[in-house]
Amino acid sequence: MLVSTLYAQPSSLAIGALATVAAAVVSAWIADLPELYVAAFVLGLIAAARVTAALGMSPDSESSSTASLELVYEIGAFSYALALGCTAAFTIIVNTNTEVEVLMVANAVGYGIGVSARNAGRLTIAIGQLTFTCLPIALAAFWTGKPGFIALGVTILLLIPAMISIAGNIFKVLRDSIASAETSKKLAEKMQVLARTDVVTGLANRAGLNHAMVETMMGVDDDSHLALIWIDLDRFKEVNDLLGHPVGDRVLSEVAKRLSAVSPDGGTVARFGGDEFIVFCPIVDRKDSERLASEIHAEIMRPFRIDGERLEVRASLGVALLPENGTDADTLMQSADLALYHAKVGGRAQTCFYDGSMSRDLVRRREIEDELRAALQRDELSIFFQPIVNLETGRIKTFEALVRWFHPEKGELRPDEFIPVAEETGVIVTLGNWITAQAARIAASWPEDVTIAVNLSPLQIRAPGAALGIKNALREAGLDPRRLELEVTESLFIEDNHATAAFIEELSEIGVRFALDDFGTGYSSLGYINKFPFSKIKVDRSFVSGEQVGKKSEAIIRAVAEMGTTLGMDIVAEGLETIEQVQSVKDAGCNLGQGYYFSRAVPDYLAAMLLTQERDQESRQATG
């Protein structure tokens, strides 16, 4: 960089050379000395060579080394300074007229002073030019023996160290400034690298990924094919919770190494955040992306060995391709994110490629979300009730509250259409509280021996103030807490959440009962039954009317029923549609049944009618 200052502003070099050459030509014309004409020619030739070199040799060119740049400039600078100093000294020695001597000496000394400041970036060159220019003049002045010239020689000799000191100070300032700038540049580059790098894995972070994507997308052409593979480690939170975050970080680092190993050259591997990674890379075609996704999946699923512990990590992958699924970074990210969402919803541990229907589904979900919020405000939702019957007496023991949505334009919307959307968006908390409040209000008008069952979403239970919301619904409805049953699924207990245990404990204390719904479809852990105060187990309908119904399913129902009887719990068989199924589950030990055989879900007035008819029939039998 210091050498490059020599080649900065070649125009100043040309102006200085032009001035001194012109002075030499004028001096030769005034003195009419052939030697001065020769000197003017030599100065002009050297000046032309120097200007040409300055224009032709660029410090930015890779072919020009620093040493060659300095050497070429040094030869030209020293040659010109010596030629100019000797020319001025010659005018003193040959005793030309005064105006010629003043013209040449003033130009030479001025040139020496000016160029020593200009070239202070290379101190040796600055000192050399000053010395070669001024020393011949001082020597010539002493040689004449005249007092005036001797004084001039002394002045020039004193000028040389003074200018060397000034040039040295300029050099020091330049050197320190450049060093400071270099340090700042390196620090800035280091900070930029740190800002774009994930500290745990060493991969690019979100900022680094965005930068790499922008750089890559700017260079793509119409024939380019790129893949964005979004990877989410399934249930990684359990690794952190069970083994600690240090082990979790080592797993993330190992995943990063495996992804880097299988990713193609020219790609970017990034940790997007948490347990999510992204691979953004060039591909040949869709088949190539399928192969790559398969390799990534296989690499991640290979068992880990950390501190002697064998860990297995599964992952869900969402893949989007350029240009098929988007031509810009944002669209590609959205497409891959949607594909990942479908991979997780579809059961996790799988790969999904984006297609247009996913965007249509997203639009549909957003419509449902907006309309569901409005439906809650406009009272478009209704509560229906399906009876749960005592298989021995045939009496209705409980009604299960089920929400129904009758859209004014689209007609009835199935619960499996809007309940998942409500859970994804958090609307389920508001919806669940509304269902509980409505069901409790209606149940308060029924006979006291009939209870009401309400399904609760895990999100609703984990929401702040969940137990208080249930208590308020009971108080406002005037319903005895012992007549309320809250049905929960096993998915609630997958994460050992303190809030869940506190919720169940708080409501159990006031008499609210809990039922374990869809038993047999999840982990079916007996630990849940032992830990929490369940009074009822509902055997999933797949064991009653599913495709796999047979001796094995009957044996499972019988085992669950025997366990329930021993623990004093009710066992409900769901999905009963025929008398044969009713008799089968009754023989297996179930004491309660629910299904179309008894009744579909009905509005509140029909539920009240069913209870009235049942009580009237019992009265007639008693009096008859």
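Residues numbered from 1 in each chain as written. Predicted model: local features only at pLDDT ≥ 70, side-chain atom pairs only at ≥ 80, totals over all residues. Heavy atoms only, no water.

K.L.:
Looking at this structure, I do not really get the packing of aromatic side chains. What am I missing?
P.N.:
Two descriptors summarise a pair of aromatic rings, namely the distance from one centre to the other and the angle between the planes of the rings. Applying the stated criterion across every chain, the model contains ten aromatic pairs. Where Phe399 meets Trp446, the ring centres are 4.9 Å apart and the plane angle is 50 degrees; that geometry is what we call tilted. A residue pair is termed long-range when its members are at least 10 positions apart, and Phe399 in strand β9 (residues 396-407) and Trp446 in the loop between α14 (427-443) and β11 (451-455) qualify at 47 residues. Both residues of the pair, Phe399 and Trp446, belong to the buried class. Centroid distance Phe503 to Phe514: 6.2 Å. Interplanar angle 75 degrees. Geometry classified as edge-to-face. Of this pair, Phe503 sits in helix α17 (residues 498-509) while Phe514 sits in strand β13 (residues 513-519), and the two are eleven residues apart along the sequence. (Phe/Tyr/Trp six-rings, centres within 6.5 Å; stacked < 30°, edge-to-face > 60°. Helix = DSSP H or I, 4+ residues; strand = E, 2+ residues; numbered from the N terminus. Buried < 20%, exposed > 50% of the residue type's maximum accessible area, 1.4 Å probe, protein only.)

K.L.:
Just checking my understanding: could you explain the sheet that holds strand β7 (residues 351-353) for this structure?
P.N.:
Strand pairing in a sheet takes place through backbone hydrogen bonds and is either antiparallel or parallel in direction. Spatial strand order, β2-β3-β1-β6-β7: five strands in an open sheet with mixed pairing. Each of the sheet's edge strands pairs with one partner strand only, and the pair in question is β2 (268-273) and β7. Taken pair by pair, the neighbouring strands of this sheet meet at an average axis angle of 20 degrees, ignoring direction. In the packing of helix α7 (residues 206-218) onto the sheet, contacts are made with β1 (226-233), β2, β3 (276-282) and β6 (315-322), and the angle to β2 comes to roughly 140 degrees. Packed on one face of the sheet, helix α11 (residues 329-345) meets β1, β2, β3, β6 and β7 and runs near 150 degrees to β6. (Pairing = 2+ DSSP bridges. Axes fitted to C-alpha atoms, helices over the stretch in contact; angles between N-to-C directions. Contact = heavy atoms within 4.5 Å.)

K.L.:
Just to check I follow, could you spell out the packing of α14 against helix α16 (residues 466-477) for this structure?
P.N.:
How two helices pack is summed up by the angle between their axes together with the distance between the axes. Between α14 and α16, the least distance of the axes is 8 Å, while the angle of their chain directions is 30 degrees. It follows from the interaxial angle that α14 and α16 lie roughly parallel. Once α14 is placed against α16, the crossing between them reads as right-handed. Only Ile470, Ala473 and Ala477 of α16 make contact with α14, whose side of the interface consists of Thr436, Ala437, Ala440 and Arg441. Residue composition of the contact of α14 with α16, grouped by class: five nonpolar, one polar and one charged. (Parallel < 35°, antiparallel > 145°, perpendicular 65-115°, else oblique. Left-handed = near helix turned anticlockwise from the far one by under 90°. Nonpolar A, V, L, I, M, F, W, Y, C, P; charged D, E, K, R; others polar.)

K.L.:
It is not clear to me how unusual backbone geometry should be interpreted in this structure. Could you clarify?
P.N.:
Among all residues save glycine, negative phi is the norm, and among peptide bonds the norm is trans. Residue Pro323 follows Leu322 across a cis peptide bond; omega there is 10 degrees. Structurally, the position occupied by Pro323 is in the loop between β6 and α11. For Asp32, which is not glycine, the phi dihedral falls at a positive 55 degrees. Inspection of the secondary structure assignment puts Asp32 in the loop between α1 (10-31) and α2 (34-56). You can call Asp32 exposed: its relative accessible area is 59%. If you check the backbone angles, Asp379 has positive phi at about 60 degrees while not being a glycine. Within the secondary structure, Asp379 is located in the loop between α12 (356-378) and β8 (381-390).

K.L.:
I would appreciate a short explanation of the side chain of His297 in the present structure.
P.N.:
When you line up the elements, His297 lands in helix α10 (residues 286-301). If sequence neighbours within four positions are ignored, His297 has contacts with Ala315, Leu317, Ala349, Gln350 and Thr351.

K.L.:
Got a minute to help me understand the pattern of salt bridges in this structure?
P.N.:
Two side chains of opposite charge can pair, provided their charged atoms sit close to one another. Scanning the entire structure with this criterion turns up 27 salt bridges. The partner of Asp449 in a salt bridge is Arg615, with the nearest N and O atoms 2.8 Å apart. With Asp449 in the loop between α14 and β11 and Arg615 in helix α22 (residues 604-623), this residue pair connects regions lying 166 residues apart in the sequence. We classify Asp449 as partly exposed; its relative accessible area is 42%. Its salt-bridge partner being Arg615, residue Glu614 comes within 2.6 Å of it at the nearest N-O pair. (Salt bridge = Lys/Arg side-chain N within 4 Å of Asp/Glu carboxyl O.)

K.L.:
How do you make sense of the pairing of strand β14 (residues 534-539) when you look at a structure like this?
P.N.:
Each regular strand shows side chains that alternate between the opposite faces of the sheet. With six of six residues buried, β14 lies mostly within the body of the structure. Sheet topology note: the β13/β14 ladder contains four bridges and is parallel. Opposite Leu516, over in β14, you have Ile537 as the bridge partner. Inspection of the sheet shows β14 paired to strand β15 (residues 570-573) by four bridges, in the parallel sense. Note on β15: the bridge partner recorded for Lys536 is Asp570.

K.L.:
Looking at this structure, how should I read the packing of α12 against helix α13 (residues 415-425)?
P.N.:
Remark: α12 packs on α13, axes separated minimally by 9 Å, with the N-to-C direction vectors making an angle of 85 degrees. Classified by the interaxial angle, the pair formed by α12 and α13 is roughly perpendicular. Judged by residue contacts, Arg364, Arg365, Ile368, Glu369, Leu372 and Arg373 of α12 engage Glu417, Phe418, Val421, Ala422, Glu424 and Thr425 from α13. Of the residues assigned to the contact of α12 with α13, the class counts are five nonpolar, one polar and six charged.

K.L.:
How should I be thinking about the nonpolar core in this particular structure?
P.N.:
In summary, soluble globular proteins display a tendency toward joint burial of nonpolar side chains. Counting residues in each nonpolar core, the largest one holds 70 residues, and the members touching the most others are Phe385, Leu431, Trp446, Ile452 and Phe503. A per-element tally of this core places α14 first, with nine residues. With residues near it in sequence (within four places) discarded, Ile452 still touches Phe385, Thr398, Phe399, Ala401, Ala439, Ala443, Trp446, Leu479, Arg483, Leu484 and Glu485. (Core = buried A, V, L, I, M, F, W, Y, C linked by side-chain atoms within 4.5 Å.)

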